[in-house]
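One-letter residues, chain by chain:
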Amino acid sequence: MTLQFEGCAYFRQRLALSTLSCTPIKIKNIRSQENEPGLRNFEINLLHLLEKLTNGSKVEINATGTSLYYVPGALIGGIVEHQCSLERGIGYFLELVLYVAPFMKTALELRLQGVTNDRDDPSVDLIKYSAIPVMKRFLGSDDGLELKITKRGAKPNGGGEILFRCPTKMKLRPCQWTDTGKIKRIRGVAYAMRVSPSLANRLIETAKGLLLKFLPDVYIYVDHQKGPNAGLSPGYGLTLAAETKNGSVISAESCSIPRAEEGTTTTITIPEDLAKEAVFKLLDEIYKAGVVDSFGQALTFHYMALNQADVSKVITGPLNSYSMQYLRYLKQFFQVMFKIENAKEIPRVVREKMDEDDDDDDDEEEINESDEEKDDDELKTGSSKILLTAIGIGYHNLTKTLI
């Protein structure tokens, strides 16, 4: 059965779920009312990448580019190299790969060339901080899982390169991820390409000046690239990640605008303001996030749905539009529905005390409950949290090579 969609929105979500569910899709009216109708170059480039990752895929595009028919093939993996379109960052292409990488026939070793850091798409640094911990939790281990930046590249000319390795798994591991934990440290990277290294130092100085007001363990290292490793265009930026005691990572970033656009925009370019923007984004993410940040929401829901036929639970902050649409597509492609309810996050220590108190007498329970309520009131957990529960469909990677 072929599923039909309209418009160009959520293009990568449709392709990823179509490939994993082996369901052909047809997309009509792609920018049909615009002055330049049809698929853009970066979307066609994404289809080329998907063809390299699969065997037997079939793509049909009409003459005007406003209609696409896609028949998925088998995910084969292996060693793949791809030159990404410079219109979008590598993060745009890598995000699709994260959804399908664990279900390849052989372990994936992917090299992508293009723009590593960009204001429009999540940078490779953000994906490394945010998505890799989520993958480790569902894959069960980090053996063979790696994301490395070998060259950095900024818009408009790119020149960056990354290496992504991912092992194959027969099935994923169910996850009960309902305890965020307190922030214990903040890590980050200030990068500079074809500009003075003092810009990266100014980024670090301003960011640490703000973050050290909250906790003492803040470390941001400088990544100043030179020569061929610095890409073909100048740029700089800052990526921050807050790590909790229970393994959650909450990330945010800010990047300078491309030089070619400086005459036509008023976006922040001063290093001090850029650092403040990154810090404020991180604090906002910490306030909103549960066990995953905004970027990791959809990826977490994806692995929960494709898990074993067992219950997975996760606590998140308010859902963004991208995640909400992904939940709709999961129901459409896999008939998976999530139970969503408001949840007041209870720390693990308090929960263990509550379990122990079940065996005590009533008087002790009343005293302990009052103490627990007091402890819980003292914790500032940010915005209201949402508990999502799902039973996996029991998805098995039958193409995985067995010895």
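So, here is what we can say about the structure in this document. Please read all numbers here as calculations on a predicted model, not as lab measurements.

Once that is clear, we can look at the packing of helix α7 (residues 296-305) against helix α8 (residues 321-334). The N-to-C vectors of α7 and α8 enclose an angle of 20°; their axes lie 9 Å apart at closest approach. Considering their axes alone, α7 and α8 lie roughly parallel with respect to each other. Here α7 runs over α8; the crossing is right-handed. In this structure, α7 uses Q297, A298, F301, H302 and A305 to contact α8, whose residues at the interface are Y322, S323, Y326, L327 and L330. Per-class residue counts for the contact of α7 with α8 are seven nonpolar, three polar and no charged.

Our focus in this paragraph is the environment of R111. With respect to the element layout, R111 can be found in strand β8 (residues 106-114). For the pair formed by R111 and I79, sequence separation is 32 residues and the distance between their alpha carbons is 8.1 Å.

Our next topic: the sheet that holds strand β14 (residues 235-244). Backbone-to-backbone hydrogen bonds join strands into a sheet, with any given pair of strands oriented parallel or antiparallel. Judged by pairing direction, the sheet is mixed, and its four strands sit side by side in the order β13-β12-β14-β15 without closing on themselves. Edge positions in the sheet fall to β13 (218-225) and β15 (249-255), since each has one partner strand and no second. Adjacent strand axes in the sheet meet at a mean angle of 15°, parallel and antiparallel pairs treated alike. Of the strands in this sheet, β12 (183-193), β13, β14 and β15 are in contact with helix α4 (residues 124-139), which crosses β15 at around 165°. Each of β12, β13 and β14 is contacted by helix α5 (residues 198-211), which is oriented at about 170° to β13, the strand it contacts most.

Before going further, it helps to examine the pairing of strand β5 (residues 68-71). Of the two faces of β5, only one is covered, namely that formed by L68 and Y70; the face formed by Y69 and V71 stays uncovered. Relative to β5, strand β2 (residues 25-28) runs antiparallel, the two sharing three bridges. Its bridge partner being in β5, I25 is matched across the sheet by Y70. Relative to β5, strand β4 (residues 58-61) runs antiparallel, the two sharing four bridges. For V59, the partnering residue across the bridge sits in β5 and is Y70. In this structure, the hairpin formed by β4 and β5 is closed by a connection of six residues, where G65 is found at a positive phi of approximately 80°.

What counts and how
Residues numbered from 1 in each chain as written. Predicted model: local features only at pLDDT ≥ 70, side-chain atom pairs only at ≥ 80, totals over all residues. Heavy atoms only, no water. Axes fitted to C-alpha atoms, helices over the stretch in contact; angles between N-to-C directions. Helix = DSSP H or I, 4+ residues; strand = E, 2+ residues; numbered from the N terminus. Parallel < 35°, antiparallel > 145°, perpendicular 65-115°, else oblique. Left-handed = near helix turned anticlockwise from the far one by under 90°. Contact = heavy atoms within 4.5 Å. Nonpolar A, V, L, I, M, F, W, Y, C, P; charged D, E, K, R; others polar. Pairing = 2+ DSSP bridges. Buried < 20%, exposed > 50% of the residue type's maximum accessible area, 1.4 Å probe, protein only.

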